Structures are given as structure tokens and as C-alpha cells.
Amino acid sequence: KEGMGFFGYVFLLIVVAFSLVGILKTFETDLINHFPEIEYIFEILDEQLIYVSESVKNIITVANDLMDSY
């Protein structure tokens, strides 16, 4: 029995989530023009993207420090 396994599904979920965020950010102005009540969703999304980018930078820094210590 072969399948993607747990980590395969986690990776797929991450890729799909980033794709959806990319699509939303691409059409942000058009969506806000048609649906002005969803503007707060994009404000929350922008704030969360800042947190995610800082977390990724921290993970890269920790990985580099671990590699340099060996």
C-alpha cells in the first residue's frame, strides 16, 4: 500500500494554503471593489503574513546556526 503519508499531506496542505493566499493577494483590489465588507479579512491576512515571514526567517536562522555548529 503506497500513499503520500502524513507529511505528504501536510506539505500538500501548506502548498495549497500558500496558493490560496497568493490568489487572494493578486485579486485583492478587485475583490475589495466588489465586496467592500471583506476589507478586514485582508487586513488580518496582511498581519498574519508578517508573522509567517518572521517565523520563516527565524527558522532559517536557527537552521544556519545548527549547520555552522557542526
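Our subject is the structure that appears above.
From a predicted model like this one, the values you see are computed outputs, not experimental measurements.

Cut-off values and rules
- In every chain, residue numbers begin from 1 and rise along the written sequence.
- A pLDDT threshold of at least 70 governs which residues receive local features in this predicted model, and a stricter bar of 80 or more applies before side-chain atom pairs are shown or counted, although totals over entire chains, interfaces and linings include all residues.
- The side-chain figures draw on all heavy atoms in the structure; neither hydrogens nor water molecules are used.
- Only DSSP runs of H or I with at least four residues qualify as helices, and only runs of E with at least two residues qualify as strands; both kinds are numbered from the N terminus onward.
- The reference for a compact globule is 2.2 Å times residues^0.38; the radius of gyration itself is calculated from the C-alpha atoms.
- Three labels apply to residues, based on accessible area from a 1.4 Å probe with only protein chains included: buried if under 20% of the type maximum, exposed if over 50%, partly exposed otherwise in between.
- To pair, rings of Phe, Tyr and Trp, with the six-membered ring standing in for Trp, must have centres within 6.5 Å; the planes then decide the type, stacked if under 30 degrees apart, edge-to-face if over 60, and tilted in the middle.
- Whenever a carboxyl oxygen of Asp or Glu lies within 4 Å of a side-chain nitrogen of Lys or Arg, that contact is scored as a salt bridge.
- Contact definition: two residues touch when any of their heavy atoms are within 4.5 Å.

## Regarding the overall build of the chain
Line of reasoning, step 1. A tally of helices and strands in the chain yields 3 helices and 0 strands.
Line of reasoning, step 2. Seen in sequence order, the chain has helices and strands lined up from the N terminus as α-α-α.
Line of reasoning, step 3. Radius of gyration (C-alpha) of the chain: 17 Å, far over the 11 Å computed for a compact globule of 70 residues.
Line of reasoning, step 4. Overall size of the chain, expressed as C-alpha extent along the three principal axes, is 55 × 40 × 15 Å.
Line of reasoning, step 5. Within the chain, buried positions represent 6% of all 70 residues.

## Here's the deal with the environment of Phe-7
Line of reasoning, step 1. Secondary-structure assignment places Phe-7 in helix α1 (residues 5-26).
Line of reasoning, step 2. In this structure Phe-7 comes out as exposed when scored by relative accessible area, which is 67%.
Line of reasoning, step 3. In this structure, the C-alpha to C-alpha distance between Phe-7 and Thr-26, residues 19 residues apart in sequence, is 28 Å.

## Some words on the packing of aromatic side chains
Line of reasoning, step 1. Within this structure, the stated rule accounts for 1 aromatic pair.
Line of reasoning, step 2. Taken together, a centroid distance of 5.3 Å and an interplanar angle of 75 degrees make the contact between Phe-6 and Phe-7 edge-to-face. Grouping residues by exposure puts Phe-6 and Phe-7 together as exposed.

## Structural notes on the pattern of salt bridges
Line of reasoning, step 1. Under the definition given, this model contains 2 salt bridges.
Line of reasoning, step 2. Taking the shortest distance from any N to any O, the salt bridge between Glu-28 and Lys-25 comes out at 3.1 Å.
Line of reasoning, step 3. Notably, a salt bridge pairs Asp-46 with Lys-25, separated by 2.4 Å at the nearest N-O pair. One end of the pair, Asp-46, is in helix α3 (residues 39-69); the other, Lys-25, is in helix α1, and 21 residues separate them in sequence.
Line of reasoning, step 4. Among the residues examined, Asp-46 registers a relative accessible area of 30% and is labelled partly exposed.
Line of reasoning, step 5. Looking at Lys-25, the relative accessible area reads 28%, which means it is partly exposed.
Line of reasoning, step 6. Shared partners join several salt bridges into a network, and the residues in it are Lys-25, Glu-28 and Asp-46.

## Quick look at the side chain of Glu-28
Line of reasoning, step 1. Mapped onto the elements, Glu-28 comes out in helix α2 (residues 28-34).
Line of reasoning, step 2. Look at Glu-28 and you get buried, because its relative accessible area is 19%.
Line of reasoning, step 3. When sequence neighbours within four positions are dropped, the list of residues in contact with Glu-28 reads Phe-42 and Asp-46.

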